[in-house]
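Listed below, chain by chain, are the residues.
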Amino acid sequence: MNELNLLLRHQIIKGSDDLPLNYSRNVPQETFYQEEYSSSFVLPRKAAFHDLLFEEQCEGLKIELATVQLEESSALEQHRMLIESYNMLEALGDDLLNHIDCVSLEVKSSSRLSLTLNSFAVREQCMDEQISSNLKQLHSSYELSTLERFKRQLLMILNDNNCNVKKLYGEFQERQSNYKLALKNFKIILEILNVNDDSLKKLKQQFDEVLMDYQHCRCILDHELPFAIAERTKVLADCLISLGAEYDMLADRRKTLASLCRDIGRKVQDNEFILVKKELNSPRSSDND
């Protein structure tokens, strides 16, 4: 006969005609269906009378399980707040990394664009002192080392924290799943099955072990998360302050590029207008008329 196991998701409960299942009047929604379980065991023969002490023990266990469930639900709320804070900081770090890559690409592309604009301005004969100055300023090498340093810092802090925290969080999810399954099955067994005193003690011991593993894992994770959150917050705050100064410099580059594009475009338009006007006033045009 296989023993009851709180961590089995599928079990077949076998009973004979003279060993009916003892369903209580208030059967919970979570019930053992005979066709859903794969590990079989035979229920002990129902005693002629219920021992009052044993009945009180079962009722006490039901109250204890309800208390545990309430306490763990309350503790989980604090845990969820830590996880949400950690995930938000992780998302901010990822977005900053993506943005730094975009800014670096913008700086490199604007420097390359200045060379092409210079060739275009020379070809169209629209170079003047202001355009020349803006081209030189835009082409001047922008120091990307600062952005690269921010990127390395972000990658280091994100990867170091993630490695440990994600491992702990994976263990937590596994043990939380075991706790929920054990709690569910134990409540069902207490409601609808006749179990002897030895089986009940074994089930209680198994549930206590599962609960202890879950609580210990949650406590370790909740202890590590504040340190990871504080460290990550500090690095992100430092990067944001420094990036603010860098973006002021980038704003100047954008203004220079905007002015350069407008000036060259207008010069080209003016030159084209002059060429058309000259063409209209040329002797050839007069002869054709």
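In case you missed it, the structure is sitting above this.
Nothing here was measured: the structure is a model prediction, and the numbers come from that model.

Scanning the chain from N- to C-terminus turns up five helices and two strands. The burial tally for the chain puts 35% of its 289 residues in the buried class. Within the chain, residue pairs in contact and separated by at least 24 positions form 91% of the contacts whose partners lie at least 6 positions apart. Counting only carbon and sulfur atoms, one obtains 53% of the accessible surface of the chain, whose full area is about 18,400 Å².

With that settled, consider helix α2 (residues 129–139). Restricting attention to buried positions, one finds in α2 the residues Ile131, Asn134, Leu135 and Leu138. With its buried residues spanning 100° around the axis, α2 presents them on a single face. In α2, the exposed positions that point more than 90 degrees away from the buried face belong to Glu129 and Lys136.

On to the pattern of salt bridges. Enumeration over the complete set of coordinates arrives at 13 salt bridges. Arginine 123 serves as the salt-bridge partner of glutamate 124, at 2.3 Å between the closest nitrogen and oxygen. A residue is classified by how much of its surface remains accessible, and glutamate 124, at 17% relative accessible area, is buried. Its salt-bridge partner being aspartate 222, residue arginine 218 comes within 4.0 Å of it at the nearest N-O pair.

Below, the discussion takes up the nonpolar core. Ranked by size, the top nonpolar core spans 47 residues in total, and within it Leu154, Tyr179, Phe186 and Phe207 carry the most contacts. Every element with two or more residues in this core is listed here: α1 (52–123), α3 (145–192) and α4 (197–281). A total of 16 residues in this core trace back to one element, the largest contributor, which is α4. Contact partners of phenylalanine 186, with chain neighbours within four places excluded, come to Leu6, Leu61, Leu65, Leu200, Leu203, Lys204 and Phe207. Counting residues in hydrophobic clusters, the runner-up holds nine residues, among them Ala121, Ile131, Leu138 and Val268.

A negative phi holds for most residues other than glycine; trans holds for most peptide bonds. Not every positive phi belongs to a glycine, and glutamine 125 is a case in point at roughly 55°. If you trace the backbone, glutamine 125 turns up in the loop between α1 and α2. Take glutamine 125: its relative accessible area is 69%, and that puts it in the exposed class.

Tracing the backbone through its elements, the reader meets glutamate 124 in the loop between α1 and α2. Here arginine 123 takes part through its side chain, which lies 2.3 Å from a polar atom of the side chain of glutamate 124.

Rules used throughout
- Residues numbered from 1 in each chain as written.
- Predicted model: local features only at pLDDT ≥ 70, side-chain atom pairs only at ≥ 80, totals over all residues.
- Heavy atoms only, no water.
- Helix = DSSP H or I, 4+ residues; strand = E, 2+ residues; numbered from the N terminus.
- Buried < 20%, exposed > 50% of the residue type's maximum accessible area, 1.4 Å probe, protein only.
- Contact = heavy atoms within 4.5 Å.
- Areas by Shrake-Rupley, 256 points an atom, 1.4 Å probe, with all protein chains shown as cover.
- Arc of directions from axis to C-beta.
- Salt bridge = Lys/Arg side-chain N within 4 Å of Asp/Glu carboxyl O.
- Core = buried A, V, L, I, M, F, W, Y, C linked by side-chain atoms within 4.5 Å.
- Polar contact = N/O pair within 3.5 Å; in protein donor to acceptor, adjacent residues only side chain to side chain.

All quantities given are derived from atomic positions and should not be read as evidence of function.
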